[in-house]
Every structure is written in structure tokens, then in C-alpha cells.
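Overview (structure and organization)
Listed here are the chains, written in short residue letters.
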Amino acid sequence: MTQLVIEQALNGLQFGLMLFLLAAGLTLVFGIMDMINLSHGSLYMGGAYLGAAATHASGSFLIGMLTSMAGMAVIGVLLEITLLRKLYQRDHLVQVLATFALILIANEVVRMLWGSKPLMLNPPANLAGPVELLGFSYPAYRLLIIAVGITVAGLLYLLVTRTRTGMWVRAGASNREMAEVLGINVRRLFTGVFALGAALCALAGILLGPLLAVQVGMGESILILSFVVIVIGGIGSIRGALIGSLLVGSVDTLGRALLPTLLRSVTAPEIARQLGPAIASILIYLLMAGILFWRPQGLFPARG
Amino acid sequence: MKRSRRIVLEACLLLAAIVLPLILQALGEDFYISFATRLLIFALAATSLNFIVGYGGMVAFGHAAFFGLGAYVVAFLMVAGVTSAWIAWPVALGVTALAAIVIGAISLRTRGVYFIMITLAFAQMIYYSIISLQVAGGDDGLPLIQRSTLSPFDLADDTTLYWTTLSLLAACLHALQHISHSRFGRALAGLRQNEVRMEALGYPVFRLKLVCFVVGSTIGGLAGALLANQNGLASPSLLYWTQSGMLLVMVILGGVGYRYGGVVGAITLLGLEEVLGRFTEYSHFFIGLVLLAIALFSPGGLASLRGQRQ
Amino acid sequence: MITLLQTIDLKRHFGGLWASNGVDLSVESGEIHALIGPNGAGKTTLIHLISGTLQPDAGQLVFDGHDISRQNMHQRVALGITRSYQITQIFPQLSLLENVRLAVQARQHEWGSSFRFWRPASAEFSMIEEAEEWLGRVGLAEAAGQLACNVSHGERRALELAMALATKPRLLLLDEPMAGMGPEESEHMAALISSLRGERTVLLVEHDLDIVFRLADRISVLVAGRVLLTDIPTIVRAHPEVRQAYLGDEVA
């Protein structure tokens, strides 16, 4: 049991860190530009496909990863300059319409290029096996994800909290007019934030690729999870996104793994078998509804 | 548009909609009767969402919950042996209304973006609850062994189902028209424009919004009950968030707050899907382009190209 | 004179700042009572507390013998307390007439509930007539059909006053009704408020001291979240502490 809990806690941490890569970009775009970007999940899907294709072509996972991050950053910049920039000042509903349209387009483009069947993406060969860890074995690849996740999350945190650029970003998130008065080039800042967000999406996409299927529509479910994360954490707050990601990642993973067992100890097996998965899959939504009920602005509101 | 002209136009459209299945039968294109029914059902669903979004000013991103619940209640009752629409449909409405009261009462504590997200959260909860229940058929959904019976009418006949749907849509549009000009509807108009002022005038703001939310959601449940009959299946995809997104897109496409916004949006979107589907495997690509163009160049939706917002 | 509203040791803080730090104020029935004081003295906070926009941290609010300290805004409106805002709060996309009609409709105890779904509101002629009367009262009868977003700032402020009046308040709270107005519009508004004397009880926050001294029956001076004194204008004007704390040389 203890081993199961530790293993699942690690899985939860790993999933939470990947969610953070998505949520970080989403929360900044949302917080600074007041923009609902439903197509954020499509960047993640695009990153996974691009990464898988580049890995196959080059034979190197690392090259695949870097190519996909660079490629999606470029696509992100193009998207921001040609289209999304025009939507910042618009109504949320128009943003929903336009970015939902982008989801449709992105899914079809991916289908045109790679077909409807899921792509296979293998983890690097030397990381495919398990490693011994505190007396039990744990997949090496998942440890890599955790390591990369912690590194990137740390760097991002430092970038936002310790650097001048980060200060601009935070100023923009909490008070946009003020940022403009301070003479920050908000336009360029937006483009930069968007490119960074897209690259992080791509990173999450290719890292999760070997664990989940690389397929059309993979962005939709994770998009909603990312929204749950940033709403829990407070829109526009990097710290909130981090805490929210880890919360959602671990609650979801641990809930799915442990809840059926726990229920079996208190109710009839048949009921536990039915209810366990049902409750486990809605836990994070219950969490979000609960948090919004008691703290309607999320845990760490970015705006005063 | 002048009132009298409008009434004439509406009467003509209604007449055309009534005789449409007869024409299709005469042309031997019976398949399109089912398709037309589907259009009307989605028109009803989008209209009900437009009532919440456009009239009540609440951007709800969880309409699929009510749409799907209506469908599942009918399917459940069918499994339990209740085939009569006279019982099953009102029960579906009742269940949807109840769910809407609970979800609305909690969600309306938040506003703006947070309201969008909390309604989404509730819808996802219902989605995951239903697909994990084996009695609900899990991922496969719950098939209907037959259509509901609506004696003395024979719903098994596609044309009758079409006319039933058309009557319900017409009745709802008529009712919403009355509501929008009533005291309640005017209060909603005030709410949409300035909630602070409504509060200061002493309106029970929370209750007004809740009633609007429940009315719209319940009509969404009715649309779901109809769709289960038309599809012969209560499918989990009806409950998924992309369905909420689709309905919202229909409303925005048609025109938020316009009387026929939901109808125009649903017919345009599903019509495009059908027509493009004949020429290309990638119809959603082109639909995406159309939606993008609307978002950029006519953000008020198609209905804003002519006519006044309610 | 009967006391209509009394606040007893009313307190409200924001963070470390006590915006209201034990306000004792009484407003007599039928008077025009002005509230003056330097910026940050807590005038608007007090309006928020009395109207129910904010809840007090401590203290009591007594309105017409009832303790209303814990009632929410719409319960207080039902008892007869209506407020206006510094920033005009109207319905921009509705006609002036519809703006006021909605205010009339809000009086549920007279007209019945707003939860009526069928009959067109445009067929409720007595409601509309009353709305027209209120518009006439503030000099906007001619503009009744225009959209509120299309009329001048002064007209919008007058519209807001008409809406407040249409709720038939026993106590009308006006938060800087002349804010942003030119001299002519201010005079018009002052005349309107003056015409309410004896008919409505008014509690008025206003920066233009000329107008305040002309208009008010009594004035309360608020300094640092407390009432320094309450008296008739001539005495307030002459009071040394007031001159020092607030007026400075302005009226010397």
C-alpha cells in the first residue's frame, strides 16, 4: 500500500508538473491580455505531433523535443501577430468563437498532415526501463519528466519573480494600464509571452507523448484541466498556476488510484466498483467548484 | 423591420417549415427529414442557451450538461419501461430544472470568467459521473429501443417527430418573445446593462438571474429529450464540454441576444457541416475558417447583419 | 423633528485604515443633510454603509426605529433607502423612459413582482405614465425616447436622480450628484435637489461648498472617519475647528 501511494504520488507530481507547463502560458495570456484562448490545447497537440515527427526523422528524442519547441514558438508568434492580437480588446464571447474555430482548424490540419490514427512515440531507449528507487522500481522516463518539469518550473518561477521581464509580466497581469504608463512595450511583451507559452505547450506535448497517445483531440481534455488549474490558482498568477497544477495533478492521480480501494473498505464491492471511478474522475471539478464557492477569485488572485 | 412585415415574414417561414417534409417526401429525399429535425433540435438547444447568454447576460459554458441530462433521463426511463412521452419528457424537464437550480444557485455566486469556468466544471462533473456509471452505458451511451410514444401522435414516424419538434421550437420562440418584453424580460435587460444599478433599485438580482438560468437550462433539457429520440441514443458526447462549446459557438455565430440568433447559428453550422461534408473529408477545417471570419469581421453574429438586438 | 436615520458608533476598516471610525450621525426626517469633509474622510464609505453596499465591521444603523445593520441592499431599498453613485449608473442602451420605468417597476410592494413573464411591460400604461412624470420632474420629458447613452452628462445625472426618486425613497443618498458638471448643469441639479426639501429626506455628499451651504438644512463635517460636528450651515461655516480641519481659507 505504501509503495502504491508513493508511486502514485510521484505520478501525480509528474502529471502536475506537465499541467503547469500548459497552465503557465494559459494563465499569463489570460491574466495579462484578458484573453480566453481555447486553442492553447492545440499548441500542445501541435507540439506533440511535431515532436513525434521530428523524433522519427532524426532518430533523437532530444532533437525532436527542441525542434518541436522551436517550431511551436514560431507558430505561436505567427498566430499572435496575425490573429490573436486582434482579439485582445474584444468581448470574451468573440474570443471563444475565434479560438474554438482555431481548435477545429488545428485538428483538421493535423489530420491532413498525419492522418487520423494516433502516432507512436517511444521514450529514449536508454530511459525506457525502470530504475530502483527506495526499494521499488519506477519508470526512468517518468523520473526524467519530473526532473525536466521541476527545472523548467523553477526557471520560469525565477524568470517571473526575479527578472525585469518578469516584473513587466506581473505588472501587466495585475494592472495593464499601469504597465503601459510605465512605458513597457506591451505589444512585444505579449508576443514574447505567447511564444514562451507555445514552447512550453510543445514541451509538455512531447514529454507526455510516450505516456499518452499522440492523437487528434488530445488537446481538448487537457485544455479543460489547464483551465481548472488556473481558475483554482487565480487567473494571472504563476504561483497560483504552480500550486493549482500540483493540486490537480495529485488529487486526480491519487483519487483514481486509491479511491476505489478506499471505497471498498467502507461500502459493498459492487457499489465501490461503480462509484469509485465516478467520484475519482470528478474530484478535481469538485475541488474547483468548492474553491470558487469559498474563494470566488481563486487561491492567489493576481489583481487586487 | 416593421412589426407587420415581420409577422408576415415569420408566418411565411413557419408555413415553409411546416410543409418542408411533404416537399422532401415528394422529392423522395426522406433522409433529409431526419436531418431537418436535427437542425430544429439544435436550434432549440441554441435558442435556450441564447436566453441565458444573450438575455440574461450570463456566459454559461456548461449547457451540454442540461442538453445531455434531458437525453439521458428519457433513455433511463425507456430502460425502466416508461415509454410515454407524456410522462418521460416532463420528468426530463423536471430533472433538468432541478439540476439547473442547484448548479445555478452555486455558480451565480461567481461572475465573469469564473462563472464560465464553474458552469464548465459542473458540466464536466456530470459528464464523468455518467460515463463511469455502467447503468448509463459508460462510453457507449444508452440506446433507446424505440422512440417515446406521444399518443395520439406516432413519433416513430419521422415526419411526426419533425412536426412535434417544430411545434415545440415555435412555442418556445413565441414564449421567449413574450418573456423578453415582459416585466421579467425588461428586468433582465436592465441586469445585462448595469447590475449595480439594478441592485441599487432594489431588484432581487440573484433570483432574477437564477430564474433565467433555470428557464434556459430546462428548455435545453427538452432539446436533449428530443435529440435522444431522434438519434435513438443518449450519447456521452452530448455532455462533453465540446458540445457546450459547439452550442455557444452556434449562439455567437447566429447572434447573441437576437431572437433568432440560436436558430440561425444552429442551422448555419450544421448546414455547413452537411454541405461541406459532401465535398471534403476535412469539413471542420472550412467551418473553422468561416467561424474565424465571423469572429473577426462580424463579431455581433449573423443576425447583427440585419435587424435590432432584443 | 423626527430622526429618520441614526448611525451609532459605525466602524469599517480596509486593511489597516479605518474609513469609518465610530460615526455617530443622525438625519432628521424631511431635511437636506449634507456631508462634507476632506478627501479620504470616509464620506463615500459612509454612503456605502448606509445603503448596504458595504457591511459595517461594528456599530449600528437604525432606520425609522428598525435596526438595519445586517440587512442587505435590496432589503434596505424596500424599506426606503435609495442611493446614487459618483459614477453615473444607468442603463446605457435603454431609452430614458425605460430607465425610469424599470425604477418604477422595482417598487414591488406597489406593483407586484417582477417575476411576470407574459404581459408586455409596454402595455402597463400607469407604470409608464408615472415614469413620464418623474422624467418631467427632472426636466427630461422631451428626451424620454432617446437612448441613455446618447444624452449629455448632465442629463444622465438628472436621469439617475429621476430613477432614484422613482423608487420613492424615504431617504435619498446622493453621492456627489454634481460631479463632472459645468456651472449651469450644477445649478440645475441644485435646484432639483432643493425642490425635494420637505418631500424627501436627502443625505448629500458634495464637494462644491457654495452649493452645499446654500442647499443644506444641516451639515455634518466628517474628518478621519468621524463626525466632527453637525449643525446648521452658518454655524458650521464659522466653526474654528472646521475651518482648520477642512475649509482652510477657502471660505474665509
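Cut-offs and rules
Residues numbered from 1 in each chain as written. Chains lettered and ligands numbered in written order. Predicted model: local features only at pLDDT ≥ 70, side-chain atom pairs only at ≥ 80, totals over all residues. Heavy atoms only, no water. Pairing = 2+ DSSP bridges. Helix = DSSP H or I, 4+ residues; strand = E, 2+ residues; numbered from the N terminus. Contact = heavy atoms within 4.5 Å. Axes fitted to C-alpha atoms, helices over the stretch in contact; angles between N-to-C directions. Left-handed = near helix turned anticlockwise from the far one by under 90°. Buried area = accessible area lost by both parts, 1.4 Å probe. Salt bridge = Lys/Arg side-chain N within 4 Å of Asp/Glu carboxyl O. Nonpolar A, V, L, I, M, F, W, Y, C, P; charged D, E, K, R; others polar. Polar contact = N/O pair within 3.5 Å; in protein donor to acceptor, adjacent residues only side chain to side chain. Expected span 1.5 Å × (residues − 1). Buried < 20%, exposed > 50% of the residue type's maximum accessible area, 1.4 Å probe, protein only. Domains from an automatic or database assignment.

This next bit is on the sheet that holds strand β2 (residues 17-28) of chain C. Residue and element names in this part refer to chain C. The sheet built from 4 strands is open, its strands ordered β2-β1-β4-β5 with antiparallel pairing. Every other strand in the sheet has two partners, leaving β2 and β5 (66-67) as the edge strands with one partner each. Here 9 bridges tie strand β1 (residues 3-14) to β2, and the two strands are oriented antiparallel to one another. Residue pairing in the sheet places Thr7 in a bridge with Leu25 of β2. Against the sheet, helix α1 (residues 43-51) makes contact with β1, β2 and β4 (58-63), and its axis sits at roughly 115° relative to β1, the strand it touches most.

All right, on to the packing of helix α1 (residues 2-33) of chain A against helix α10 (residues 238-266) of chain A then. Running from N to C, α1 of chain A and α10 of chain A point in directions that differ by 145°, and their axes come no closer than 6 Å. In this structure, α1 of chain A meets α10 of chain A at a crossing whose hand is right-handed.

Between chain B and chain A, the residue contacts involve 45 residues of the former and 47 residues of the latter. Taken together, both faces of the contact between chain B and chain A bury some 4,200 Å²; the carbon and sulfur share is 79%. Sorting the residues of chain B by area buried against chain A places Tyr114, Trp241 and Tyr282 of chain B first, and these three jointly supply 16% of that buried surface. Scanning the region where chain B abuts chain A turns up 1 salt bridge. We note a salt bridge from Arg111 of chain A to Glu281 of chain B, for which the minimum N-O separation is 3.8 Å. Mapped by element, the contributors of at least two residues to the side of chain B that touches chain A are α5 (113-132), α10 (241-254) and α12 (283-297) of chain B. For the side of chain B that touches chain A, the leading source of residues is α5 of chain B, giving 13 residues. Classifying every residue of the side of chain B that touches chain A by side-chain character gives 33 nonpolar, 10 polar and 2 charged.

With that out of the way, let us pick up the interface of chain B and chain C. With 25 residues of chain B at the interface, the matching set in chain C holds 36 residues. Counting each side, the surface lost to burial between chain B and chain C is near 2,800 Å², with a carbon and sulfur contribution of 61%. Inspection of the chain B/chain C interface yields 3 salt bridges. The tally of links from chain B across to chain C stands at 18 residue pairs in polar contact (both at pLDDT 80 or more). Residue assignment for the side of chain B that touches chain C shows that the elements contributing at least two residues are α6 (158-181), α7 (183-193), α8 (195-200) and α9 (205-231) of chain B. Residue classes in the side of chain B that touches chain C are distributed as 12 nonpolar, 8 polar and 5 charged.

In this structure the tally under the stated criterion is 26 salt bridges over all chains. Residue Arg147 of chain B is joined to Asp158 of chain B by a salt bridge in which the shortest nitrogen-to-oxygen separation is 2.9 Å. Here Asp158 of chain B lies in helix α6 and Arg147 of chain B lies in the loop between β1 (142-143) and α6, a separation of 11 residues in the sequence. Residues Arg170 of chain C and Asp64 of chain C are paired through a salt bridge, measuring 2.6 Å at the closest nitrogen-oxygen approach. Of this pair, Arg170 of chain C sits in the loop between α6 (153-166) and β7 (171-175) while Asp64 of chain C sits in the loop between β4 and β5; the two residues are 106 residues apart in sequence, bridging distant segments of the chain. Because the salt bridges share partners, they merge into one network encompassing Arg107, Glu110, Glu130 and Lys168 of chain C.

What follows is about the side chain of Arg12 of chain C. Counting through the fold element by element, Arg12 of chain C comes out in strand β1. When residues no more than four places from it in sequence are discounted, the contact partners of Arg12 of chain C are Leu17, Trp18, Ala19, Ser20, Thr45, Leu49, Leu54, Gln55 and Asp57 of chain C.

Next up on the list: the side chain of Ser20 of chain C. You can see Ser20 of chain C is positioned in strand β2. The contacts of Ser20 of chain C, once residues within four sequence positions are left out, are Leu10, Lys11, Arg12, Thr45, Leu46, Leu49 and Gly225 of chain C.

Each turn of an α-helix holds 3.6 residues, which means side chains three or four residues apart point in the same direction. Helix length check: α12 of chain B (15 residues) gives 21 Å between terminal C-alpha atoms against 21 Å at 1.5 Å per residue, within 8%. Among the residues of α12 of chain B, those classed as buried are Ser283, Phe285, Ile287, Gly288, Leu291, Leu292, Ile294, Ala295 and Leu296 of chain B.

Residues and elements named next belong to chain C. Each assigned domain of chain C is listed with its residue range as follows: domain 1 (1-80 + 169-252) and domain 2 (90-168). The straight-line distance from the C-alpha centre of domain 1 to that of domain 2 is 26 Å. Of the roughly 1,200 Å² buried between domain 1 and domain 2 on both sides combined, carbon and sulfur atoms contribute 60%. On the domain 1 side of the contact with domain 2, Pro169, Leu192 and Arg200 bury the most area, a combined 32% of that side's loss. Between Glu199 and Arg137 there is a salt bridge; the shortest N-O distance is 3.0 Å. If you look at where domain 1 meets domain 2, you find 7 residue pairs in polar contact (both at pLDDT 80 or more). Residue assignment for the side of domain 1 that touches domain 2 shows that the elements contributing at least two residues are β7 and α7 (183-194). Top element by residues in the side of domain 1 that touches domain 2 is α7. It accounts for 4 residues. Here the side of domain 1 that touches domain 2 is built from residues that sort into 10 nonpolar, 3 polar and 6 charged.

The next point concerns the sheet that holds strand β6 (residues 81-83) of chain C. Residue and element names in this part refer to chain C. Read across the open sheet, the 6 strands follow the order β6-β7-β8-β3-β9-β10; overall the sheet is mixed. Two strands bound the open sheet, and with one partner strand each, they are β6 and β10 (226-231). Ignoring which end each strand starts from, the neighbouring axes of this sheet average 20° apart. Note: strand β3 (residues 32-36) against strand β9 (residues 218-223), 4 bridges, orientation parallel. Residue pairing for β9: Leu35 is matched across the bridge by Ser220.

Counting contacts across all 2 pairs of chains found in contact, the highest total belongs to chains A and B. The two units chain A and chain C are non-contacting; their minimal C-alpha-C-alpha distance is 12 Å.

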